[in-house]
Amino acid sequence: MHYSLRKTLLSLLGLAVVAAALLLAYKTQEQARSTPGIALADKPQGGDFTLQSAAGPLSSRAYRGQVLLIYFGYTYCPDICPTSLATAAAALESLSPAELGQVQGLFISVDPERDTPARLKDYAAFFHPKILGATGSVQEVAAVAQAYGASYARQEVKSEGGYVVDHSSSLYLVAPDGHLAAALPHGTPPADVAQAIRSLLPRSPS
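Source: prediction; values computed, not measured.

Here the focus is the nonpolar core. Counting 53 residues, the largest nonpolar core has Ile-70, Phe-72, Tyr-148 and Ile-197 as its most contacted members. For this core, the element with the highest residue contribution is helix α2 (residues 80-93), accounting for seven residues. Contacts of Ile-70, omitting those with residues within four sequence positions, involve Phe-49, Leu-106, Ile-108, Tyr-148, Ser-170, Leu-171, Tyr-172 and Val-174.

This part covers the state of the cysteines. Think of a disulfide as a covalent bridge from one cysteine sulfur atom to another cysteine sulfur atom. Under the definition given, this model contains zero disulfides. Looking at Cys-77, it has no disulfide partner, and the nearest cysteine sulfur is the one in Cys-81, 3.2 Å off. For Cys-81, a relative accessible area of 0% gives the class buried.

Time to look at empty space enclosed by the protein. Under the criterion given, the structure shown has two cavities of 30 Å³ or more. In this structure, the largest cavity encloses a volume near 50 Å³. Lining the largest cavity, in full, are Gly-47, Asp-48, Ser-60, Tyr-63, Arg-64, Gln-66, Leu-68, Tyr-148, Val-174, Ala-175, Pro-176 and Gly-178. Its residues assigned to classes, the lining of the largest cavity comprises six nonpolar, four polar and two charged.

A separate point is the pattern of salt bridges. With the rule as written, the count across this model stands at seven salt bridges. The closest approach of N and O atoms between Arg-154 and Glu-113, which form a salt bridge, is 2.8 Å. Remark: Glu-113 occurs in the loop between β4 (103-109) and α4 (117-127) and Arg-154 occurs in strand β6 (residues 152-156); sequence separation between them is 41 residues. On the basis of relative accessibility, which here comes to 43%, the residue Arg-154 falls in the partly exposed class. Taking the shortest distance from any N to any O, the salt bridge between Arg-119 and Asp-115 comes out at 3.7 Å. Connected via shared salt-bridge partners are Asp-48, Arg-61 and Arg-64.

Turning our eyes to something else, we now look at the sheet that holds β4. Sheet strands associate in pairs through backbone hydrogen bonding, adopting either a parallel or an antiparallel arrangement. Overall, mixed pairing links the five strands, which are arranged β5-β4-β3-β8-β9 in an open sheet. Each edge of the open sheet carries a strand with a single partner, namely β5 (131-134) and β9 (180-184). Averaged over all adjacent pairs, the angle separating strand axes in this sheet is 25 degrees, with direction ignored. Here strand β3 (residues 67-73) runs beside strand β8 (residues 171-174); their pairing, made up of four bridges, is antiparallel.

Mapped onto the fold, Pro-78 is located in the loop between β3 and α2. Taking relative accessible area as the criterion, Pro-78 reaches 58% and is therefore assigned exposed.

Rules used in this analysis
Residues numbered from 1 in each chain as written. Predicted model: local features only at pLDDT ≥ 70, side-chain atom pairs only at ≥ 80, totals over all residues. Heavy atoms only, no water. Core = buried A, V, L, I, M, F, W, Y, C linked by side-chain atoms within 4.5 Å. Buried < 20%, exposed > 50% of the residue type's maximum accessible area, 1.4 Å probe, protein only. Helix = DSSP H or I, 4+ residues; strand = E, 2+ residues; numbered from the N terminus. Contact = heavy atoms within 4.5 Å. Disulfide = S-S within 2.5 Å. 1 Å grid on protein atoms, 1.4 Å probe; cavity = no way out; pocket = protein on both sides within 12 Å on 5 of 7 lines; lining within 4 Å. Points joined across faces, edges and corners; volume = space filled by probe spheres on them. Nonpolar A, V, L, I, M, F, W, Y, C, P; charged D, E, K, R; others polar. Salt bridge = Lys/Arg side-chain N within 4 Å of Asp/Glu carboxyl O. Pairing = 2+ DSSP bridges. Axes fitted to C-alpha atoms, helices over the stretch in contact; angles between N-to-C directions.

By themselves, these observations are geometric and do not establish any function.
Right under this line is the structure:
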(Lines give C-alpha, C1' and ligand atoms only; values in the text may rest on other atoms or scores of the structure.)
Protein backbone atom coordinates (compact mmCIF):
# COMPACT_ATOMS: atom_id res chain seq x y z
CA MET A 1 0.00 0.00 0.00
CA HIS A 2 1.32 3.46 -0.92
CA TYR A 3 2.61 5.21 2.21
CA SER A 4 0.59 8.43 1.72
CA LEU A 5 -2.57 6.40 1.21
CA ARG A 6 -1.83 4.48 4.38
CA LYS A 7 -1.43 7.74 6.32
CA THR A 8 -4.76 8.98 4.97
CA LEU A 9 -6.49 5.76 5.93
CA LEU A 10 -5.01 5.95 9.42
CA SER A 11 -6.30 9.49 9.85
CA LEU A 12 -9.79 8.52 8.72
CA LEU A 13 -9.72 5.46 10.97
CA GLY A 14 -8.80 7.55 13.99
CA LEU A 15 -11.62 10.01 13.39
CA ALA A 16 -14.16 7.26 12.83
CA VAL A 17 -13.50 5.25 15.97
CA VAL A 18 -12.21 7.71 18.54
CA ALA A 19 -15.55 8.19 20.30
CA ALA A 20 -16.17 4.46 20.59
CA ALA A 21 -12.60 3.89 21.71
CA LEU A 22 -12.84 6.43 24.51
CA LEU A 23 -16.00 4.80 25.78
CA LEU A 24 -14.44 1.34 25.63
CA ALA A 25 -11.30 2.57 27.37
CA TYR A 26 -13.34 3.88 30.28
CA LYS A 27 -15.31 0.64 30.48
CA THR A 28 -12.15 -1.46 30.36
CA GLN A 29 -10.43 0.51 33.10
CA GLU A 30 -13.49 0.12 35.32
CA GLN A 31 -13.52 -3.64 34.69
CA ALA A 32 -9.82 -3.82 35.52
CA ARG A 33 -10.55 -2.38 38.95
CA SER A 34 -13.42 -4.70 39.75
CA THR A 35 -13.00 -7.98 37.86
CA PRO A 36 -11.14 -10.82 39.64
CA GLY A 37 -8.22 -12.26 37.74
CA ILE A 38 -7.12 -9.13 35.89
CA ALA A 39 -3.54 -8.30 36.82
CA LEU A 40 -3.07 -4.57 37.39
CA ALA A 41 0.11 -3.66 39.24
CA ASP A 42 -0.27 -0.94 41.87
CA LYS A 43 3.23 0.38 41.21
CA PRO A 44 4.41 -1.04 37.88
CA GLN A 45 8.16 -1.35 37.66
CA GLY A 46 8.59 -2.47 34.07
CA GLY A 47 11.69 -4.55 33.39
CA ASP A 48 13.32 -6.61 30.69
CA PHE A 49 11.51 -9.33 28.81
CA THR A 50 11.92 -11.66 25.85
CA LEU A 51 8.98 -12.48 23.58
CA GLN A 52 8.59 -13.91 20.08
CA SER A 53 8.41 -11.88 16.88
CA ALA A 54 8.26 -12.98 13.26
CA ALA A 55 12.05 -12.57 13.14
CA GLY A 56 12.58 -14.73 16.22
CA PRO A 57 13.13 -13.92 19.91
CA LEU A 58 12.72 -10.24 20.72
CA SER A 59 14.56 -9.02 23.80
CA SER A 60 13.92 -5.60 25.28
CA ARG A 61 17.58 -5.49 26.29
CA ALA A 62 18.51 -5.33 22.61
CA TYR A 63 17.12 -1.78 22.55
CA ARG A 64 19.28 -0.29 25.29
CA GLY A 65 20.15 3.24 24.30
CA GLN A 66 16.80 3.71 22.57
CA VAL A 67 13.37 4.78 23.78
CA LEU A 68 10.79 1.99 23.68
CA LEU A 69 7.15 2.85 22.97
CA ILE A 70 5.09 -0.15 24.10
CA TYR A 71 1.40 -0.91 23.64
CA PHE A 72 -0.51 -4.00 24.79
CA GLY A 73 -3.45 -5.10 22.66
CA TYR A 74 -4.46 -7.63 20.01
CA THR A 75 -5.09 -7.69 16.27
CA TYR A 76 -8.77 -8.65 16.50
CA CYS A 77 -9.49 -5.60 18.66
CA PRO A 78 -12.37 -3.75 16.95
CA ASP A 79 -11.62 -0.16 17.90
CA ILE A 80 -9.34 0.83 20.77
CA CYS A 81 -6.17 -0.82 19.41
CA PRO A 82 -6.40 0.78 15.95
CA THR A 83 -6.96 4.16 17.57
CA SER A 84 -4.05 3.79 19.99
CA LEU A 85 -1.68 2.50 17.33
CA ALA A 86 -2.71 5.32 14.99
CA THR A 87 -1.82 7.74 17.79
CA ALA A 88 1.55 6.05 18.25
CA ALA A 89 2.16 6.15 14.50
CA ALA A 90 1.30 9.84 14.29
CA ALA A 91 3.70 10.57 17.14
CA LEU A 92 6.48 8.65 15.41
CA GLU A 93 5.75 10.45 12.13
CA SER A 94 6.30 13.80 13.82
CA LEU A 95 9.84 12.89 14.90
CA SER A 96 12.83 13.86 12.85
CA PRO A 97 14.74 11.03 11.11
CA ALA A 98 17.53 11.35 13.70
CA GLU A 99 15.02 11.17 16.57
CA LEU A 100 13.15 8.26 14.99
CA GLY A 101 16.40 6.34 14.75
CA GLN A 102 16.54 6.34 18.56
CA VAL A 103 13.02 4.98 19.08
CA GLN A 104 11.45 1.54 18.72
CA GLY A 105 7.74 0.78 18.95
CA LEU A 106 6.50 -2.58 20.26
CA PHE A 107 2.98 -3.94 19.95
CA ILE A 108 2.60 -6.80 22.45
CA SER A 109 -0.37 -9.07 21.85
CA VAL A 110 -2.38 -10.22 24.86
CA ASP A 111 -4.12 -12.78 22.63
CA PRO A 112 -1.40 -15.31 21.83
CA GLU A 113 -4.02 -17.93 20.98
CA ARG A 114 -4.92 -16.13 17.75
CA ASP A 115 -2.10 -13.65 17.17
CA THR A 116 0.81 -15.44 15.56
CA PRO A 117 4.12 -13.62 15.13
CA ALA A 118 3.53 -13.49 11.36
CA ARG A 119 0.11 -11.91 11.80
CA LEU A 120 1.51 -9.41 14.28
CA LYS A 121 4.28 -8.42 11.88
CA ASP A 122 1.83 -7.43 9.16
CA TYR A 123 -0.62 -5.77 11.55
CA ALA A 124 1.97 -3.63 13.35
CA ALA A 125 3.77 -2.63 10.15
CA PHE A 126 0.52 -1.30 8.68
CA PHE A 127 0.56 1.48 11.26
CA HIS A 128 4.28 2.28 11.10
CA PRO A 129 7.44 0.44 10.03
CA LYS A 130 9.05 1.26 13.38
CA ILE A 131 6.42 -0.74 15.29
CA LEU A 132 7.21 -4.43 15.79
CA GLY A 133 4.70 -7.05 16.88
CA ALA A 134 5.50 -9.68 19.51
CA THR A 135 3.80 -12.14 21.82
CA GLY A 136 4.60 -15.23 23.84
CA SER A 137 3.03 -17.96 25.91
CA VAL A 138 0.05 -17.11 28.08
CA GLN A 139 2.35 -17.06 31.10
CA GLU A 140 5.02 -14.93 29.43
CA VAL A 141 2.55 -12.31 28.24
CA ALA A 142 0.88 -12.17 31.66
CA ALA A 143 4.23 -11.61 33.38
CA VAL A 144 5.19 -8.74 31.08
CA ALA A 145 1.76 -7.12 31.31
CA GLN A 146 1.77 -7.29 35.09
CA ALA A 147 5.26 -5.80 35.27
CA TYR A 148 4.12 -2.83 33.21
CA GLY A 149 0.75 -2.36 34.87
CA ALA A 150 -1.28 -3.43 31.84
CA SER A 151 -4.53 -5.30 32.43
CA TYR A 152 -6.63 -7.58 30.24
CA ALA A 153 -9.32 -10.24 30.50
CA ARG A 154 -10.86 -12.60 28.00
CA GLN A 155 -14.61 -12.22 27.60
CA GLU A 156 -16.68 -14.91 25.87
CA VAL A 157 -19.17 -13.54 23.35
CA LYS A 158 -21.58 -15.03 20.86
CA SER A 159 -19.71 -14.26 17.67
CA GLU A 160 -17.66 -15.99 15.01
CA GLY A 161 -14.46 -15.23 16.91
CA GLY A 162 -15.86 -16.65 20.14
CA TYR A 163 -14.29 -14.07 22.45
CA VAL A 164 -12.90 -10.59 22.83
CA VAL A 165 -10.16 -9.36 25.12
CA ASP A 166 -10.94 -6.35 27.28
CA HIS A 167 -7.71 -4.53 28.03
CA SER A 168 -6.22 -1.32 29.33
CA SER A 169 -4.91 1.10 26.76
CA SER A 170 -1.92 3.08 27.99
CA LEU A 171 1.19 3.74 25.93
CA TYR A 172 4.31 2.89 27.93
CA LEU A 173 7.64 4.64 27.48
CA VAL A 174 10.87 2.91 28.48
CA ALA A 175 13.93 5.13 28.82
CA PRO A 176 17.24 4.29 27.11
CA ASP A 177 18.60 2.86 30.36
CA GLY A 178 15.73 0.35 30.50
CA HIS A 179 13.55 1.82 33.25
CA LEU A 180 9.82 2.40 32.83
CA ALA A 181 9.59 6.18 32.49
CA ALA A 182 5.92 6.88 31.76
CA ALA A 183 2.47 5.41 31.16
CA LEU A 184 0.51 7.73 28.89
CA PRO A 185 -3.28 7.31 29.17
CA HIS A 186 -5.49 6.59 26.20
CA GLY A 187 -6.45 9.82 24.48
CA THR A 188 -3.06 11.48 24.91
CA PRO A 189 -2.58 13.60 21.75
CA PRO A 190 0.14 12.46 19.35
CA ALA A 191 2.02 15.73 19.88
CA ASP A 192 2.20 15.04 23.61
CA VAL A 193 3.35 11.47 22.99
CA ALA A 194 6.08 12.78 20.70
CA GLN A 195 7.16 15.34 23.29
CA ALA A 196 7.34 12.65 25.97
CA ILE A 197 9.53 10.57 23.67
CA ARG A 198 11.83 13.52 22.95
CA SER A 199 12.25 14.19 26.66
CA LEU A 200 13.79 10.72 27.02
CA LEU A 201 16.14 10.78 24.05
CA PRO A 202 19.75 10.36 25.15
CA ARG A 203 20.96 13.35 23.14
CA SER A 204 19.59 16.15 21.01
CA PRO A 205 19.92 15.07 17.38
CA SER A 206 21.26 17.69 15.03
